Amino acid sequence: MAALIQARAAARRLASSLLLAGGLAGGAWGAEVTEPAADPRLLVEQALAFEHGEGVPRDPEHAAELYCDAVRLGSAEAMYNLGWMYANGRGVTRDDAYAATLFEMAIVKGHPGAEKGRRLAGEYTGAVPECLKPATARTAFAFSSTRENWDTQKYLASLPERKKRVVELITTLAPRFSIEPRLALAIATTESNFDSSAVSPKSAMGVMQLIPETASRFNVKDSFDPVENIKGGLAYLRWLLAYYRGNVALAVAGYNAGEGAVDRYKGVPPYKETQNYVRRILAFFPRTEHPFDAGIAAASPALQALGR
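For the structure given in this document, a descriptive report is provided here. (Residues numbered from 1 in each chain as written. Predicted model: local features only at pLDDT ≥ 70, side-chain atom pairs only at ≥ 80, totals over all residues. Heavy atoms only, no water.)

## Some details on the packing of aromatic side chains
A ring pair, where both rings are aromatic, is described by two values, the distance of the centres and the angle of the planes.
For step 1, the next point in the chain: Per the stated rule, a full pass over the model turns up nine aromatic pairs.
For step 2, the next point in the chain: Aromatic side chains Y80 and W84 sit 6.3 Å apart centroid to centroid with 90 degrees between the ring planes, which places their arrangement in the edge-to-face category. You can see Y80 and its partner W84 sitting in helix 4 (residues 76-88), four residues apart, about one turn around the helix. For the pair Y80 and W84, a shared accessibility class is recorded, and that class is buried.
For step 3, the next point in the chain: Ring centres 5.8 Å apart and planes at 85 degrees place the aromatic pair Y265 and Y271 in the edge-to-face group.
For step 4, the next point in the chain: Its relative accessible area of 31% is what places Y271 among the partly exposed residues.
For step 5, the next point in the chain: Counting every residue linked through ring pairs, the aromatic cluster contains Y80, W84 and F103.
For step 6, the next point in the chain: Positioned above the aromatic ring of F284 is the side chain of R182, whose terminal nitrogen or guanidinium carbon lies 5.3 Å from the ring centre.
For step 7, the next point in the chain: When the ring centre of W239 is taken as origin, the NZ or CZ atom of R217, which lies over that ring, is 4.5 Å away. (Phe/Tyr/Trp six-rings, centres within 6.5 Å; stacked < 30°, edge-to-face > 60°. Helix = DSSP H or I, 4+ residues; strand = E, 2+ residues; numbered from the N terminus. Buried < 20%, exposed > 50% of the residue type's maximum accessible area, 1.4 Å probe, protein only. Lys NZ or Arg CZ within 6 Å of the ring centre and 35° of its normal.)

Okay, structure coming up:
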């Protein structure tokens, strides 16, 4: 009994220290962060998607990273789910000691199912996964090394309250799709001005203005749900960046006019709307290249014609 009390006290201290270092300091331990703190519920949602391959390619390793981020922000659900990943060796090397710590933390935070996992994981030792140790301090977003130094907090302050939540969703979700938040914001503000109920004459809907075909292609069930819509738009943008091998102008032209038009004209189509669209995006995101994942899509045949 005394050992159990000591374990609970240690887990409580660990959970509290993580929340102070992670949540209140803005994400990673000791990292200077200019972006708004991530929402742990969104991180857990993303982690679940990658863990089970729901709407995105299955990637349990990335799921574990996202759960770690959410654990640092005090999420009991993330503690519980990451505990089972360590208990079962899914996406991480099996480690019952890590699992026991995570389940114990989840119990302290009031998770209703953590007691069962705690019993199965064995003795509590206080062992902590590497991703939760201060020595592995990371920036809150994977793309911080390439992001320009701009003040998102100031940008948020300039917006009406009803749009701030949408911007926070975009800046939280964009790095999970390997998209620079500033590029994602440029697309969203140009497409809908952050209006989740926007509908265009061409039946494009929501924040990222998805037409029904694109929504279906990227598994968006409700285009007026901001989270679903933003994730669908980011998935499409990620695909376009891979297809055009990081060429921002071609990718955003494809977002506006469709990749078929870009391929047909072997460059930005000569449509006034699309050309103005590309200029506006590049004014907000003044870079010609963006990192991309070549495994997501084969290169566009237009690139060969352009000598790229």
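There's plenty left to go through after this.
## Considering the pattern of salt bridges
For step 1, the next point in the chain: Scanning all chains against the criterion turns up eight salt bridges.
For step 2, the next point in the chain: A single salt-bridge network, built from bridges that share partners, covers D69, R72 and R176. (Salt bridge = Lys/Arg side-chain N within 4 Å of Asp/Glu carboxyl O.)

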